[in-house]
Amino acid sequence: IVTALVLGGFALGLVDLRTGIIASRDSFTNTVEAVTGEEVLARHFPAGTGQPAIIIASEAAAPQVRAAVDGTGGVVQVDQAPQPVDGDVLIQATLRDPPDSPAAMRTIDELRDAVHALPNSDAVVGGTTAYLVDYERASERDSRVIMPLILFVVLIILAVLLRAIVAPILLVATVVLSFAAALGISVLIFEHLFGFPGVDS
């Protein structure tokens, strides 16, 4: 019981756990040229200049798609005359915010809503920011679905092997508690002691 209480105390560090996409400038422990260049770029140009959103749509719907992209908040510049290739066009949209920022990710959602609402546009939105949006959501889904599913399968296997109910539940509970305690301690050390911005999802 004492061990469980101690592990539970360590697990309380999870309250401060910050997950998600870590900005590129926060991925280093010191200042590197890439980050300096990114900051200089953001001071003189839109922060998303180097990594625009990429929209591919059917040639027939290109004017409507371009207008929808241009009218999306967070977009500061759109290709003037995208050239068609095999019936499709590629439109590049420069975002106002840094490509790895929450604001840019919200712009991607707005872009997708705008172009997907157009009939027969067959539009898809990609690029670095769109990739980060999809990556984060896939990671969140895995955390909600895959991990509990694995624990459930392990619980069933243990129940079959041990021919018991209580013992497998206790075994799985100890694994979960130990993992939570280790993660909680890591949060306290890396976020509060070393000042790291969070955990990349």
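This report concerns the structure included in the present document.

**Re the overall build of the protein**
Across its full length, the protein carries 6 helices and 7 strands. When the helices and strands of the protein are placed in sequence order, the string is α-β-α-β-α-β-β-β-α-β-α-α-β. A globule of 201 residues ought to have a C-alpha radius of gyration of about 17 Å, yet the protein, at 23 Å, is considerably larger. The dimensions of the protein, computed from C-alpha atoms along their principal axes, are 70 × 40 × 25 Å. A sequence separation of at least 24 residues applies to 68% of the contacts in the protein between residues at least 6 apart. Charge separation in the protein, taken as the distance between the mean sites of 11 positive and 22 negative side-chain charges, equals 7 Å.

**As for a nonpolar patch on the surface**
On the surface, Leu149, Phe152, Val153, Ile156, Ile157, Val160, Leu161, Leu162 and Leu171 cluster together to form a nonpolar patch covering roughly 850 Å² of accessible area. No other element matches helix α5 (residues 128-162), which puts 8 residues into the nonpolar patch. For leucine 161, the location among the structural elements is in helix α5.

**Some remarks on unusual backbone geometry**
Residue aspartate 86 is not a glycine yet carries a positive backbone phi of 55 degrees. Looking at the secondary structure, you find aspartate 86 in the loop between β4 (84-85) and β5 (88-95). Phi at aspartate 122 takes a positive value of approximately 50 degrees, unusual for a residue other than glycine. Among the structural elements, aspartate 122 can be located in the loop between α4 (102-116) and β6 (124-126).

**Focus on a negative patch on the surface**
Residues Glu59, Asp86, Asp88 and Asp122 make up a contiguous surface patch of negative charge. Within the secondary structure layout, glutamate 59 lies in the loop between β2 (53-58) and α3 (62-70). Classification of glutamate 59 as partly exposed rests on a relative accessible area of 40%.

Conventions adopted
- Residues numbered from 1 in each chain as written.
- Predicted model: local features only at pLDDT ≥ 70, side-chain atom pairs only at ≥ 80, totals over all residues.
- Heavy atoms only, no water.
- Helix = DSSP H or I, 4+ residues; strand = E, 2+ residues; numbered from the N terminus.
- Rg over C-alpha atoms; globule rule 2.2 N^0.38 Å.
- Contact = heavy atoms within 4.5 Å.
- Lys, Arg positive; Asp, Glu negative; His and termini not counted.
- Charge placed at Lys NZ, Arg CZ, Asp CG, Glu CD.
- Patch = residues over 30% accessible without salt bridge, like charges linked within 9 Å, V, L, I, M, F, W, Y side chains within 5 Å.
- Areas by Shrake-Rupley, 256 points an atom, 1.4 Å probe, with all protein chains shown as cover.
- Salt bridge = Lys/Arg side-chain N within 4 Å of Asp/Glu carboxyl O.
- Buried < 20%, exposed > 50% of the residue type's maximum accessible area, 1.4 Å probe, protein only.

Shape is all these values report; function is a separate question.
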